[in-house]
Amino acid sequence: MTTLTVQNSCDDENEQGTLTVNNALQNMLSAVSERTGSEQVHLTSAVDRILDKPIVSSINVPSHRNAAVDGYAIMQADLPASGEIARLNITGRVVAGHPHKGDLQAGDCIQIMTGGQMPDLADTVIMQEHVEVHGNTVHIDARHSAGQNVRQAGEDIHSGQTILQAGSKLTPPQIGLIASLGIAEFQVKTPLVVAVFSTGDEVLSIGDAPREGCIYDSNRYSIISALKKIGCSVLDMGVIADEPDKLRNAFELASKSADVIFTSGGVSVGAADYTKQVLSEAGSINFWKVAMKPGRPIAFGNIDDAIFFGLPGNPVAVMVTFYQFALPCLQKMMGLTTPLITPTINARCTQSIRKISGRTEFQRGILSKAADDEWQVSTTGQQGSGILKSMSDANAFIILEHQRSSVKEGEWVQVQPFSALF
Ligand code: AMP
Ligand code: MG
């Protein structure tokens, strides 16, 4: 059992003017709206794209009545009375893709394979395991019911039916469903164009030679990969030094070419750079203190027509604010209507966690199954907002609600698996 010490470095829980996580999210969501166009894609590259128009079927699926099992297609009038045996002549054989030619007569049956088209007049299939075959005759007992083992035309989808709504993000089964209608190309929403840059004199890009007092940029790479994963078209604008003119130019350029702009760093009270000052002049930006840990300082607003997210500088805070705030906003802007829920599950906490009430905490956790088959979770250890490994080692956020105070070992906590987010 470990007790974690809460770091209070940038947290003043009694400070006025802070927003709750939910208020901040609602403010952001109400400020954004869908901003996509439409483009044609081929079915084979459509997975994870968002439908722009509903898909309406112009055919029945299946298109013809067919057998649900391997067996014998008969007329129900030929089923025997209770206690009797019917003896039917096998007059043909149907395999899938090769329909029967000719009429079925009373007293006859057709051997049929699964998916084979039902002969006209046949309406019932007897499973091959349920009959006795003697030469060219099939013996059928009285346990069968009329109409059994037949798939009706249009049973899955009927002609004219809307099978997928606009705003659906296409999953593999949905791709299969569209293919089953014979549709090769259709309209999806165009990707959001998102500009990403980092700020700070100390921030180096990968490939730069190490410099004393500097760090390698991680935020730009984590944000860009998160954006790519949800299908955004990303403009990597690099690192902008802490110089007002360079920052101003970068904001102007980004707002001309992108629907959304992401930066990280430079928005906290103590930030020794010009981002905040330049941003205040460049657009209509709110600088919020959100009652959360990590991720308290967040800038949000717009620069001309582009929505602006100024995420905190610390790498874990970047990930938390991206997934808790930016992701739902981006989904709304992308025109996604289903599903906007990121499920949480209850898990038993295997350790105590110190917490003060009055802010929501997003601890990084390892979720697993306990011996009694219940979900259990522990933290990844050190939870500082700069310790990105705490996020990389984790598979879930442990969400400690606003009002909650310290967690005792064995208490139930809410957990959001990363698999629901990325
Ligand atoms: P700031 O809000 O700009 O003072 O940044 C807070 C902390 O995050 C500082 O330790 C920064 O060096 C760090 N930081 C800022 N930007 C990045 C970045 N792109 N990648 C990694 N760390 C960063
Ligand atoms: Mg900075």
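Residues numbered from 1 in each chain as written. Chains lettered and ligands numbered in written order. Predicted model: local features only at pLDDT ≥ 70, side-chain atom pairs only at ≥ 80, totals over all residues. Heavy atoms only, no water.

**Student:** Please explain the pattern of salt bridges as it appears in this structure.
**Tutor:** When charged atoms on two side chains of opposite charge get close, those side chains can pair. One pass over the structure, following the stated rule, counts 18 salt bridges. As a salt-bridge pair, arginine 248 and aspartate 245 come within 2.8 Å of each other at their nearest N and O atoms. Here arginine 248 and its partner aspartate 245 are both found in helix H4 (residues 244–257), three residues apart, which amounts to about one turn of the helix. Taking the relative accessible area as the measure of exposure, arginine 248 reaches 33% and is therefore partly exposed. (Salt bridge = Lys/Arg side-chain N within 4 Å of Asp/Glu carboxyl O. Helix = DSSP H or I, 4+ residues; strand = E, 2+ residues; numbered from the N terminus. Buried < 20%, exposed > 50% of the residue type's maximum accessible area, 1.4 Å probe, protein only.)

**Student:** Looking at this structure, how should I read the site of ligand 1?
**Tutor:** For ligand 1, the set of nearby residues contains 15 residues, the closest of which are Glu202, Asp217, Asn219, Gly266 and Gly313. Residue glutamate 202 places a side-chain N or O atom 2.6 Å away from an oxygen atom belonging to ligand 1. Between ligand 1 and glycine 313, the relevant distance is 3.2 Å, taken from an oxygen atom to a main-chain nitrogen or oxygen of the residue. Relative to its unbound accessible area of 480 Å², ligand 1 is 78% covered by the protein chains. Looking at side-chain class alone, the shell around ligand 1 contains three nonpolar, nine polar and three charged residues. (Near = heavy atom within 4 Å. Polar contact = N/O pair within 3.5 Å; in protein donor to acceptor, adjacent residues only side chain to side chain. Areas by Shrake-Rupley, 256 points an atom, 1.4 Å probe, with all protein chains shown as cover. Nonpolar A, V, L, I, M, F, W, Y, C, P; charged D, E, K, R; others polar.)

**Student:** Explanation requested: the packing of helix H3 (residues 219–229) against helix H6 (residues 315–333) in the structure shown.
**Tutor:** Describing two packed helices takes the angle between their axes plus the distance from one axis to the other. Here H3 crosses H6 at 25 degrees, and the two axes come no closer than 11 Å. Viewed along their axes, H3 and H6 adopt a mutual orientation that is roughly parallel. Here the hand of the crossing between H3 and H6 comes out right-handed. Where H3 approaches H6, its residues Asn219, Ser222, Ile223, Ala226 and Leu227 are matched on the opposing element by Pro315, Val318, Met319, Phe322, Tyr323 and Leu330. (Axes fitted to C-alpha atoms, helices over the stretch in contact; angles between N-to-C directions. Parallel < 35°, antiparallel > 145°, perpendicular 65-115°, else oblique. Left-handed = near helix turned anticlockwise from the far one by under 90°. Contact = heavy atoms within 4.5 Å.)

**Student:** Is there a simple way to think about the side chain of serine 168 in this case?
**Tutor:** If you trace the backbone, serine 168 turns up in the loop between strand E13 (162–164) and helix H2 (172–179). Overall, serine 168 belongs to the buried group, its relative accessible area being 8%. Polar contacts involving the side chain of serine 168 include one to the main-chain carbonyl oxygen of glutamine 165, which spans 2.7 Å. If we ignore the near neighbours within four places in the chain, the residues touching serine 168 are Arg49, Ile50, Leu51, Leu336, Thr337 and Thr338.

**Student:** Would you explain the environment of glutamate 84 in this entry?
**Tutor:** Mapping glutamate 84 onto the fold places it in the loop between strand E6 (71–74) and strand E7 (86–94). With 57 residues separating them in the primary sequence, glutamate 84 and aspartate 141 have C-alpha atoms 6.4 Å apart. Apart from the residues lying within four places of it in its own chain, the contact partners of glutamate 84 are Ile140, Asp141 and Ala142.

**Student:** Mind showing me how you'd approach the side chain of lysine 189 here?
**Tutor:** Here lysine 189 is to be found in strand E14 (residues 185–189). Overall, lysine 189 belongs to the buried group, its relative accessible area being 7%. Ignoring any residue separated from it by four or fewer positions in sequence, one finds lysine 189 in contact with Glu34, Thr36, Gly37, Arg49, Ile50, Leu51, Asp52, Gly167, Met334 and Gly335.

**Student:** Can you help me understand the packing of aromatic side chains in this one?
**Tutor:** A full pass over the atoms with the stated rule returns eleven aromatic pairs. When the ring of phenylalanine 322 is compared with that of tyrosine 323, the centres are 5.1 Å apart and the planes differ by 75 degrees; the resulting orientation is edge-to-face. Between the aromatic rings of tyrosine 323 and phenylalanine 422, the centroid separation amounts to 4.6 Å while the plane-to-plane angle is 35 degrees, which identifies the pairing as tilted. Here phenylalanine 422 lies in the segment after strand E29 (412–417) and tyrosine 323 lies in helix H6, a separation of 99 residues in the sequence. Of the aromatic side chains, those joined through ring pairs into one cluster are Phe262, Trp288, Phe300, Phe309, Phe322, Tyr323, Phe362, Phe397, Phe418 and Phe422. A cation sits over an aromatic face here: lysine 276 above phenylalanine 287, 5.3 Å from the ring centre. Lysine 369 extends its terminal NZ or CZ atom over the ring of tryptophan 375, reaching a point 4.9 Å from the ring centre. (Phe/Tyr/Trp six-rings, centres within 6.5 Å; stacked < 30°, edge-to-face > 60°. Lys NZ or Arg CZ within 6 Å of the ring centre and 35° of its normal.)

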